[in-house]
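Overview (structure and organization)
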Amino acid sequence: MFALFRKAYRDLTQRRVRSLLTMGAVAIGVAGIVAIVSTAQTLARAQAAAYQNASQADITFWVWDAPPTTARALAEIPNVAAAELRNNYFTKCEWNGEYRDVDLWGLNDFNDQRINQIRLLDRAPNAGEFVAETTVRDLFPIRTGDTMTCRARDGSTRALTLVGFAQSPCYPSAAILDFATVYANAADVRRLLGIAGANQALLKLHDLADAPKTARAASELLNRRGVPHSAPDIRDPQNYLGKRELDALFLLLFVFSLVGLLTSGFLVANTLAAMTAEQVSEIGIVKAIGGTRLQVLTIYLIAALLYGIAGTLVGIVLGAFGAWRLLVYLGGLMNLEFAFEIAPQGVALGAAVGVGVTLLGGLIPALAGAAIRIKDALEAYGITSTYGQGRVDRVVQRIVALPPLAAMSLRNLARRKARSLITTTVIAVAVAAWLAAQSTSASVDAAIDGLFRTFRADAWAWFDVWVGANFAANFRAIEGVRAAEVWSLTDGWVATERVRVWGVPASTTLYEPHLVAGRWLRADEADAVVISTDLAHARGARVGERIEIEIAETRREFVVVGIVIDNSIFLGSTVAGKVFVSEDRVERMQDRQGWATFFALGFDAHDPATVEKRLGDLTTRFKRYQMGSGAAYREVRGAKEQSRVLSLGLYAMSLVIGAMGALGVLNTLTLNVLERRREIGVLRAIGAADANLVQVFLTEGLALGFGGWVLGCALGYPLGQFLLNLMQAVLFQIDYVFSPPMVLTSLVFALALAALASLAPALGAARLRVGYVLRYE
């Protein structure tokens, strides 16, 4: 056995360049698996540790003007470990000469934080001062000493000075949220809100399993004290902000890593096939002196095993580095600190798959080499005399429309059909991965852009006081407002599924449903509901079925009359989907007939500048109603920022697989140069210039690239559909987008990949001298 191992090792070291290329391909695939598994596990641990260390709230209530004694009363409820009141105000502030969206949090005591803790990086702010979340610096340039002037509910302004920074482990980066999170004294935020108390209550529990019971007790206490409040938001311990999106990202990257390892298996097969072809005479000699078929098989399987082991070891190191860089990037986006560790599961999986794929890839050429008969092996000399007798050979020989050198390049590829086919397949996989990445990214972007087509509203406005439903006429009377409708937005339950309930007029002009089944609501219906595809999938619901909806402990049964695609639930959402009910029906369930606080608005222009101007005018006009507002374009921009992370990951992995395709071309053409040294010498002897030799091998590479592109287009469409189906299982309904420009882009990608990989062998062939190659044996 040792002699067989030594023989296999010597064969690999004699072909250093080829061996390094093959091991590099294996290393890349293993590195992908190690990096992805390690990153996913480290992020999960970091997120859990951040929530634990920051004492994340288990129950959150939005309240209004809650007095300070409310916190003490809530803390006395059984199962409540701590209770804390805070103030929150989302507004526009003039910061460095520009108006910015700012989420302003007010804390009573920065030195006594018990729930949703932040970590001060500088000193605590005094009255008239604030600290900014550290990632705000990624959103726009700021520095200590900046002044921020914020608009209060009553239309007045208040200036605050930046005195430092803080880290918030419970919130993503400002670049993802697309707004600035800042912290100030509660008294300053209360002045902006125009209230004397708090507007948020946070509860930390001893036992999260009893959270529903504790939430009901807290609701009853707030009712007894006359504190207006929202429905409780109960933390899901298995879900954190951004988990759904990261799950989709890791799932896709893992699939791409498996595709990369499969590609490396092809490269191993290609290399060992070339090795057996070169060593046919050696195989004959081994068998002639008594070597068995099993021994020959073992030699080449040991070679495959060495490729796998070496590539896996390098891949683990590369994977560790890749995981660290990926964690730095994703951890920054998620605002997390982490202690990096290599996941043992990732190392084990990478090693098992890396070694296993190389052994499987080497099995076929090893079996082929072991099956060579002694007579055939000893009589073999390079390319067999059967070349030109097959159908493919005859078809290639009929190519006369091309220049002689180009035609000769195509005929050369047919001399090693198996090698050319494997290389074409490797390029096809790279092209398919590129197409799949493009189509998946485009599909997600199209789903987000669909918001503009679904929501015709340019903005939403809400009040902290009840106004009559006929208040919509006041909005329509303002210049630039073309439409205003009373809507409702609240959370509810369908059995055990948490849902977002939208109360929308049946005759709305500001929502255009994308129906996949059934129809939209009618004004004369009292018990009709339209549900989103997400909820229909989660509940297995169909048109015509009856579902029970619960809103604030009021239950009512509805008939599903339609199912719509509505993808406007993004980062961190824990709801199963949406339900659309007639607005007047929601008013009755909430016992507020004729009253409203939420309005959908349509403007005469839809660009961000006009939308912001219109909202500013409305805020000034209705300042005594303490109006808040939000623009639709901000949601879309934030969602696209979230999807950018997904797109970057997809393109990064497709480039990695593309690098494997380039290695395949480089490997094949290097073998071709080595095998055809005598032919190169003959061409040199009859006057071929350097440029002629470069053209021969460059044309071979481009031909392989074009063939891989054709096959890759056929593979890319179903691969993209498969990846999108995986994403839909984790995220939401997404329509598949696969366009002609993607196909053209993939052609450029394939030809560029092949051309770059062909340059080194082509230039190497051009550097060979006549005397050297004609003496070569």
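Residues numbered from 1 in each chain as written. Predicted model: local features only at pLDDT ≥ 70, side-chain atom pairs only at ≥ 80, totals over all residues. Heavy atoms only, no water.

**Considerations on the overall build of the chain**
Along the chain, the regular secondary structure elements total 24 helices and 21 strands. Counting the 777 residues in the chain, one finds 54% classified as buried. Sequence-distant contacts in the chain: of pairs separated by 6 or more residues, those separated by 24 or more amount to 82%. Here the chain has roughly 33,400 Å² of accessible surface; of this, 59% comes from carbon and sulfur atoms. (Helix = DSSP H or I, 4+ residues; strand = E, 2+ residues; numbered from the N terminus. Buried < 20%, exposed > 50% of the residue type's maximum accessible area, 1.4 Å probe, protein only. Contact = heavy atoms within 4.5 Å. Areas by Shrake-Rupley, 256 points an atom, 1.4 Å probe, with all protein chains shown as cover.)

**Quick word on the pattern of salt bridges**
Per the stated rule, a full pass over the model turns up 16 salt bridges. Its salt-bridge partner being Arg546, residue Glu557 comes within 2.8 Å of it at the nearest N-O pair. In this pair, Glu557 is assigned in strand β18 (residues 554-564) and Arg546 in strand β17 (residues 546-551), connecting sequence segments 11 residues apart. On the accessibility criterion, Glu557 (43% relative accessible area) is partly exposed. Among the residues examined, Arg546 registers a relative accessible area of 46% and is labelled partly exposed. Measuring nitrogen to oxygen at the nearest pair gives 3.1 Å for the salt bridge that ties Asp604 to Arg614. One end of the pair, Asp604, is in the loop between β20 (595-603) and α19 (608-621); the other, Arg614, is in helix α19, and 10 residues separate them in sequence. Within the structure, one salt-bridge network assembled from shared partners comprises Arg158, Asp188 and Arg191. (Salt bridge = Lys/Arg side-chain N within 4 Å of Asp/Glu carboxyl O.)

**Structural notes on unusual backbone geometry**
With phi around 80°, Asn79 is a residue other than glycine that occupies positive phi space. With respect to the helices, strands and loops of the structure, Asn79 is situated in the loop between α3 (69-75) and β2 (80-95). For Asn116, which is not a glycine, the phi torsion comes out positive at approximately 45°. Residue position: Asn116 is located in the loop between β3 (98-107) and β4 (119-120).

**What about the side chain of Glu133?**
Residue position: Glu133 is located in strand β5 (residues 129-133). Among buried charged residues, Glu133 stands out as having no salt bridge; its nearest opposite-charge side chain is Arg137, 8.2 Å away. A distance of 2.4 Å separates a polar atom in the side chain of Glu133 from a polar atom in the side chain of Thr135. (Lys, Arg positive; Asp, Glu negative; His and termini not counted. Polar contact = N/O pair within 3.5 Å; in protein donor to acceptor, adjacent residues only side chain to side chain.)

**Looking at the packing of aromatic side chains**
Per the counting criterion, the structure on display carries 27 aromatic pairs. Seen from their ring centres, Phe455 and Trp487 are 6.3 Å apart, and the 50° between their planes marks the pair as tilted. Of this pair, Phe455 sits in the loop between α15 (417-454) and β11 (459-468) while Trp487 sits in the loop between β12 (481-486) and β13 (488-494); the two residues are 32 residues apart in sequence, bridging distant segments of the chain. On the basis of relative accessibility, which here comes to 7%, the residue Phe455 falls in the buried class. Between the aromatic rings of Phe455 and Trp502, the centroid separation amounts to 5.5 Å while the plane-to-plane angle is 50°, which identifies the pairing as tilted. One end of the pair, Phe455, is in the loop between α15 and β11; the other, Trp502, is in strand β14 (residues 497-504), and 47 residues separate them in sequence. A relative accessible area of 8% places Trp502 in the buried class. An aromatic cluster of three or more residues is present, and its members are Phe455, Trp460, Trp487, Trp502, Tyr511, Trp520 and Phe580. A cation over an aromatic ring shows up here: Arg100 above the ring of Phe140, its NZ or CZ 4.1 Å from the ring centre. The cationic tip of Arg137 hangs over the ring face of Phe165; the distance from NZ or CZ to the ring centre is 3.8 Å. (Phe/Tyr/Trp six-rings, centres within 6.5 Å; stacked < 30°, edge-to-face > 60°. Lys NZ or Arg CZ within 6 Å of the ring centre and 35° of its normal.)

**Points about the environment of Gly518**
Along the chain, Gly518 falls in strand β15 (residues 515-518). A relative accessible area of 54% places Gly518 in the exposed class. Taking the C-alpha atoms as reference points, Gly518 and Val543, 25 residues apart in sequence, are found 6.2 Å from one another.

**Some points on the environment of Gly194**
Here Gly194 is to be found in the loop between α6 (186-193) and β9 (198-205). Sequence separation of Gly194 and Asp154 is 40 residues, and the distance between their C-alpha atoms is 7.2 Å.

**Regarding the confidence of the model for the chain**
When the pLDDT values of the chain are averaged, the result is 79; 79% of them are 70 or greater. Mean pLDDT values for the elements of the chain range from 53 in helix α13 (residues 391-397) up to 94 in β5. (pLDDT = per-residue confidence, 0-100.)

**Here's the deal with the state of the cysteines**
Among covalent bonds in proteins, the disulfide is the one between the sulfur atoms of two cysteines. Under the criterion given, the structure shown has 1 disulfide. Between the sulfur of Cys93 and that of Cys150 lies a disulfide, 2.1 Å long from S to S. Negative torsions about the S-S bond denote left-handed disulfides, and the value of about 105° found for Cys93 with Cys150 makes this one right-handed. Taken as a pair, Cys93 in strand β2 and Cys150 in strand β6 (residues 147-151) lie far apart in primary sequence, 57 residues in all. Using a relative accessible area of 0% as the deciding quantity, one classes Cys93 as buried. For Cys150, a relative accessible area of 0% gives the class buried. (Disulfide = S-S within 2.5 Å.)

**Quick notes on the nonpolar core**
In terms of nonpolar packing, the biggest core is built from 45 residues, with Phe256, Leu646, Ile657 and Leu723 touching the most fellow members. Listing elements by their share of this core, those giving two or more residues are α2 (16-53), α8 (243-278), α10 (293-334), α15, α20 (632-675), α22 (690-730) and α23 (740-767). The leading source of residues in this core is α15, at 12 residues. Apart from the residues within four sequence positions on either side, Leu723 is in contact with Leu252, Val255, Phe256, Ala436 and Thr440. By size, the runner-up hydrophobic cluster in this structure holds 24 residues, among which are Ala132, Leu160, Ala174 and Ala184. (Core = buried A, V, L, I, M, F, W, Y, C linked by side-chain atoms within 4.5 Å.)

**Overview of α6**
Of all the residues in α6, the buried ones are Ala186, Asp188, Val189, Leu192 and Leu193. Looking straight down α6, one finds its buried side chains confined to an arc of 160°; they lie on one side. Of the residues flanking the end of α6, it is Gly194, one or two places downstream, whose phi is positive at about 80°. (Arc of directions from axis to C-beta.)

**Remarks on a nonpolar patch on the surface**
Where nonpolar side chains cluster on the molecular surface, the patch consists of Leu305, Ile309 and Leu313 and spans about 250 Å² of accessible area. Relative to the helices and strands, Leu305 is located in helix α10. (Patch = residues over 30% accessible without salt bridge, like charges linked within 9 Å, V, L, I, M, F, W, Y side chains within 5 Å.)

**With respect to the pairing of β12**
Across the 6 residues that make up β12, a large majority, 5, are buried. Where β12 and β20 come together, 5 bridges link them in antiparallel fashion. The residue bridging Val481 from the neighbouring strand is Phe603, located in β20. (Pairing = 2+ DSSP bridges.)

**Notes on helix α7 (residues 211-224)**
The first and last C-alpha atoms of α7 sit 20 Å apart over 14 residues, in line with the 20 Å expected at 1.5 Å per residue. Of the surrounding elements, those touching the buried residues of α7 are β1 (59-66), α3, β2, β9 and β10 (233-234). (Expected span 1.5 Å × (residues − 1).)

**Considerations on the pairing of β13**
Burial along β13 is one-sided: the residues Ser488, Thr490, Gly492 and Val494 are buried and none of Leu489, Asp491 and Trp493 is. Inspection of the sheet shows β13 paired to β14 by 7 bridges, in the antiparallel sense. Counterpart to Trp493 in the pairing with β14 is Arg498. In this antiparallel pair of consecutive strands, β13 and β14, the connection spans 2 residues, and Ala495 shows a positive phi of 55°. Relative to β17, β13 runs antiparallel, the two being bridged by 2 bridges. In the strand pairing of β17, Val494 is matched with Ile549.

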